Amino acid sequence: MSGRWLGRCPGCGAFGTMIEEAAPVRSLAAAPARPLLRLVEVEAEEGDRISTGIGELDRVLGGGLVPASLVLVGGEPGVGKSTLLLSALRAMSSSRRVLLVTGEESPAQVSLRAARLGGAEAVEVLAETDLDAVCATLERERPDVCVIDSVQTLHAQEVGSAPGSVAQVREAAARILRVAKEVGVATLLVGHVTKDGAVAGPKVLEHLVDCVLQFEGDRYHAHRVLRATKNRFGSTNELAVFEMTAQGLVGVPDPSALFGRSEPGEIGAAVTCALEGSRPLLIEIQSLVAPTDLAMPRRVATGVDPKRLAMIVAVLARHAGLPLGGADVFVNVAGGVRIDEPGADLGIALAIASAARGAPVREGLAAFGEIGLTGRLRPVSQAPRRLEECRKLGLTTVVAPAGTGGARLGADSLRQAVEVAIGKKGA
């Protein structure tokens, strides 16, 4: 092959053997134009969702699995992804045909886990990593629900890279998506995560799927948190709490009673009410303020945005009169829960103020509200639902921004809230 004519072939040395071949030119009019539709003309049928048999998982999914949808489940190794999905398959196998494609474990290993969970005899298992074989099996068997554990173990023969590479993961996700939509199989993919906690592989993997679920928690703790970071069929703010037991992961229907309990008279602890999707959640905030010998005092946060913590500490020092410039501040959210919404600012501030003054927060008190840089408290959304959750747990006093209907104590500023909750001198 040469870009110009040559009298003598550079390969064999013969003369006059090179033949010109013109490359075929594709006509611009080869593909006919497609008709357009108005959205009002499109007929969309709302399919019945498939209940997974696990109420907390259905909550995060938005009411259950949507037929022909593709769901990606990510999380740290050992957090319980395979156990949760096997429990869901066990519950769905009583009324639907379900399939587990395992590329990391043998059928014998899956059988041992299923025997521990109990009642998973009807779950069908396929131990296969060849992508062509998996897609052909789905097209032939057509199960209602399929779990692939994990997508990083699948490999296509035509892609020359190793399993788990960017090209392999992209090809596997695209092929499984096409098969799931054409055959109508609700498919759940288990995905590995990087050391930063993000789903491993190309970002296109998260763009292709319909729903991304993130499993959070420490394998050495009993409780796990499942949240949706993307959901085309529901809210992305829903949260579910599970407890790891000998019988597998069990949903916690009332996480406020689990995370919102605090010991009376404990210094450096405060209860706040955060909103996760449609669920108000009472959470205990723990804080420690200790003198430091370092030139730059530390601000260490677990479960809270470190930048948010630094802002709250600065506002406490400037507008509440707390001497925090020469102290290390540590903040921890009980139970391993992560708080992202600003409504928990006031609870974090009260926990820090309690630790700094050496005095406990008033017994039976909860707080919520957003803190501004000027020290003014700003109201938060869905305050009535937060107040109702506080009443359910038996908290008698709620400190909230002024104007919040139903709050026992309203405060205009952070200084006023600290004085109300702890006292002017911490006594």
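Residues numbered from 1 in each chain as written. Predicted model: local features only at pLDDT ≥ 70, side-chain atom pairs only at ≥ 80, totals over all residues. Heavy atoms only, no water.

**Digging into the nonpolar core**
Within the largest apolar cluster, 49 residues are counted, with the highest numbers of intra-cluster contacts made by Leu316, Ile352 and Leu414. Within the residue set of this core, elements represented by two or more residues are β8 (239-245), β10 (269-276), β11 (279-291), α8 (306-319), β13 (327-333), α9 (345-357), β14 (365-367) and α11 (414-421). Broken down by element, the residue count for this core peaks at 8 residues, all from α9. Contact partners of Ile352, with chain neighbours within four places excluded, come to Ser287, Val289, Leu309, Ile312, Val313, Leu316, Leu324, Val329 and Val331. (Core = buried A, V, L, I, M, F, W, Y, C linked by side-chain atoms within 4.5 Å. Buried < 20%, exposed > 50% of the residue type's maximum accessible area, 1.4 Å probe, protein only. Helix = DSSP H or I, 4+ residues; strand = E, 2+ residues; numbered from the N terminus. Contact = heavy atoms within 4.5 Å.)

**A short note on the packing of α9 against α11**
In helix packing, the relevant descriptors are the interaxial angle and the interaxial distance, both defined with respect to the helix axes. Two elements in contact, α9 and α11, have axes whose closest approach is 10 Å; the angle formed by their N-to-C orientations is 60°. The angle between α9 and α11 places the two elements in the oblique class. Crossing of α9 against α11: the hand is right-handed. Across from Leu346, Ala349, Leu350, Ala353 and Arg357 in α9, the residues of α11 making contact are Leu414, Ala417, Val418 and Ala421. (Axes fitted to C-alpha atoms, helices over the stretch in contact; angles between N-to-C directions. Parallel < 35°, antiparallel > 145°, perpendicular 65-115°, else oblique. Left-handed = near helix turned anticlockwise from the far one by under 90°.)

**Points about unusual backbone geometry**
Here Asp149 and Ser150 are connected by a cis peptide whose omega angle stands at 5°. Note on placement: Ser150 falls in the loop between β4 (145-149) and α5 (166-183). In this structure, Ala68 is a non-glycine residue whose phi angle is positive, near 65°. Mapped onto the elements of the fold, Ala68 is located in the loop between α1 (55-61) and β1 (70-75).

**Section: the pairing of strand β17 (residues 397-401)**
Every regular strand shows the same layout, with side chains that alternate between the two sheet faces. A large share of β17 lies buried, amounting to 5 of its 5 residues. Where β14 meets β17, 3 bridges bridge the pair, whose relative direction is parallel. Each residue of the ladder has a partner; that of Ala367, found in β17, is Val399. In terms of strand pairing, β17 meets strand β18 (residues 409-411) through 3 bridges, oriented parallel. (Pairing = 2+ DSSP bridges.)

**What about the sheet that holds strand β12 (residues 299-302)?**
Read from one edge to the other, the open sheet built from 7 strands follows the order β12-β13-β11-β10-β14-β17-β18, with strand pairing classed as mixed. Pairing within the sheet leaves two strands with one partner each, and these edge strands are β12 and β18. Neighbour to neighbour, the strand axes of the sheet diverge by 25° on average, direction disregarded. When β10 meets β11, the two strands line up antiparallel, connected through 8 bridges. Opposite Ala269, over in β11, you have Gln286 as the bridge partner.

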